[in-house]
Amino acid sequence: MIIVFLGPPGSGKGTYASILTKKLGIPHISTGDLVRDEIKAGTKLGKEAAEYVNRGELIPDEKILEILKNRVLKPDCAKGFILDGYPRTVNQAEDLNKIAKVDIVVNLNVPDEVIIERLAYRLICRNCGAIYNEKTLKPKKPGVCDICGGPLYKREDDEPEVIKERLNVYREKTQPLIDFYKKRGLLVEVKTEKFNAPPEEVANEILNLINKK
Ligand code: ADP
């Protein structure tokens, strides 16, 4: 089964996808994580990508497709995967169509105020990827992950000016995908009022939607 998560930055795509990956036994592929891995490894692709990421812009479609293809061709993807952060443009959705058949698209609809608050105070575990918030979801010990004891960090692009640009890019380039997938009968919506619920609860709700499809 191939599942796509659609939603603005900070809507919880990564959080829910990482819960569902365990429940469904298929890998979670975050193109944002793949890009950050390339940047960290200092590859040619990574160096080119860093310029876009730091400005809050999208990496050109052909470059991100190359990164995605390298990942989905690995054997663990044979039974399907969960995509988080791809596609982000109509052109990417068309590219994806050529390499995989999407079964369901889960749209997370979250108001801008919530997003800004979440991202500006977001902390991430460098070791296991768990997500915290300096205001609303503090770790027990400052700077340390509750789950694995790893160090917490702030993403460089979680800075107010860059967040604003990421949101603009989302509205302009990614939102049209909602209609694209609605027309194809693949879209399911997760309601905004659910977003204060514990992530595990929202993930279960998404699982129900997937099972009904
Ligand atoms: P966000 O929290 O903004 O959704 P991600 O971790 O998904 O962040 O992505 C971080 C950055 O990586 C994006 O701002 C963009 O520069 C780049 N990126 C990730 N996925 C894609 C994609 N599908 N197309 C183009 N650029 C991408």
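What you see is a predicted model, and the numbers here were worked out from it, not measured in a lab.

Calculation rules
- Residues numbered from 1 in each chain as written.
- Predicted model: local features only at pLDDT ≥ 70, side-chain atom pairs only at ≥ 80, totals over all residues.
- Heavy atoms only, no water.
- Axes fitted to C-alpha atoms, helices over the stretch in contact; angles between N-to-C directions.
- Helix = DSSP H or I, 4+ residues; strand = E, 2+ residues; numbered from the N terminus.
- Parallel < 35°, antiparallel > 145°, perpendicular 65-115°, else oblique.
- Contact = heavy atoms within 4.5 Å.
- Nonpolar A, V, L, I, M, F, W, Y, C, P; charged D, E, K, R; others polar.
- Near = heavy atom within 4 Å.
- Polar contact = N/O pair within 3.5 Å; in protein donor to acceptor, adjacent residues only side chain to side chain.
- Areas by Shrake-Rupley, 256 points an atom, 1.4 Å probe, with all protein chains shown as cover.
- Salt bridge = Lys/Arg side-chain N within 4 Å of Asp/Glu carboxyl O.
- Buried < 20%, exposed > 50% of the residue type's maximum accessible area, 1.4 Å probe, protein only.
- Pairing = 2+ DSSP bridges.
- Expected span 1.5 Å × (residues − 1).
- Core = buried A, V, L, I, M, F, W, Y, C linked by side-chain atoms within 4.5 Å.

Caption draft 1: Quick look at the packing of helix H2 (residues 31-41) against helix H4 (residues 61-72). With their axes 10 Å apart at the nearest point, H2 and H4 run at an angle of 100 degrees to one another. Considering their axes alone, H2 and H4 lie roughly perpendicular with respect to each other. Contacts between H2 and H4 pair Thr31, Leu34, Val35 and Glu38 from the former with Ile64, Ile67, Leu68 and Arg71 from the latter. Looking at the contact of H2 with H4 residue by residue, the class counts come to 5 nonpolar, 1 polar and 2 charged.

Caption draft 2: Structural view of the site of the ligand. Close to the ligand lie 18 residues; Thr31, Glu57, Gly85, Gln92 and Arg166 are nearest. Within the side chain of Arg36, an N or O atom sits 2.9 Å from an oxygen atom of the ligand. One nitrogen or oxygen atom from the side chain of Arg155 is found 3.1 Å from an oxygen atom belonging to the ligand. When isolated, the ligand has an accessible area of 540 Å², and the protein chains bury 96% of it. A total of 3 residues in the shell around the ligand trace back to one element, the largest contributor, which is H2. Residue classes in the shell around the ligand are distributed as 6 nonpolar, 4 polar and 8 charged.

Caption draft 3: Inspection of the pattern of salt bridges at higher detail. For the coordinates displayed, the defined rule picks out 16 salt bridges. A salt bridge links Lys63 to Glu48, with the nearest nitrogen and oxygen atoms 3.6 Å apart. Of the two residues, Lys63 sits in helix H4 while Glu48 sits in helix H3 (residues 44-55), which places them 15 residues apart along the sequence. Judged by its relative accessible area of 27%, Glu48 falls in the partly exposed class. A salt bridge links Lys135 to Glu117, with the nearest nitrogen and oxygen atoms 3.6 Å apart. Here the residue Lys135 occupies a position in the loop between strand S6 (131-133) and strand S7 (152-153), and Glu117 occupies one in helix H6 (residues 112-120), the gap between them amounting to 18 residues. On the basis of relative accessible area, Lys135 is assigned to the partly exposed category, the value being 46%. A network of salt bridges, in which partner residues are shared, links Arg122, Arg155, Asp157, Asp158 and Arg166.

Caption draft 4: Broad picture of the side chain of Asp157. You can see Asp157 is positioned in the loop between S7 and helix H7 (160-174). Asp157 gets classed as buried once you look at its relative accessible area, which sits at 6%.

Caption draft 5: Here's a closer look at the sheet that holds strand S5 (residues 122-125). Reading across from one edge, S6-S5-S7 is the order of the 3 strands in this open sheet, with antiparallel pairing throughout. Looking along the sheet, the strands with just one partner apiece sit at the ends: S6 and S7. Note that S5 and S6 share 3 bridges and pair antiparallel. Following the sheet pairing, Arg122 is matched in S6 by Asn133.

Caption draft 6: Inspection of the pairing of strand S1 (residues 2-6) at higher detail. Buried residues dominate S1, accounting for 5 of its 5 residues. Side chains of S1 alternate between two faces, with Ile2, Val4 and Leu6 and Ile3 and Phe5 buried alike. Examined bridge by bridge, S1 and strand S3 (residues 81-84) share 4 bridges and lie parallel to one another. The partner of Ile3 across the bridge, within S3, is Ile82. Where S1 lies against strand S4 (residues 104-108), 4 bridges are found, and the strand directions are parallel. By the bridge assignment for S4, Phe5 is matched with Val106.

Caption draft 7: Here's a closer look at helix H1 (residues 13-24). Relative to the 16 Å expected for 12 residues at 1.5 Å per residue, H1 spans 16 Å between its end C-alpha atoms, a close match to the ideal helical length. Against the buried residues of H1 lie S1, strand S2 (28-30), S3, S4 and helix H9 (199-212). Count one or two residues on from H1 and you reach Gly25, which has phi positive near 70 degrees.

Caption draft 8: Representation of the nonpolar core. Core analysis: the biggest nonpolar cluster contains 31 residues, and Ile29, Phe81, Leu83, Leu96, Val102, Val105 and Tyr181 have the highest contact counts within it. When contributions to this core are tallied by element, the ones reaching two or more residues are S1, H2, H3, H4, S3, helix H5 (90-99) and helix H8 (176-183). When residues in this core are grouped by element, the largest group, 5 residues, is from H4. Val102 has contacts with Ile2, Val4, Leu96, Tyr181 and Leu186, leaving out every residue within four places of it along the chain. One finds Phe5, Leu20, Val188 and Val202 within the second-largest nonpolar core, a separate group that totals 17 residues.

On their own, these measurements won't tell you what the molecule is for.
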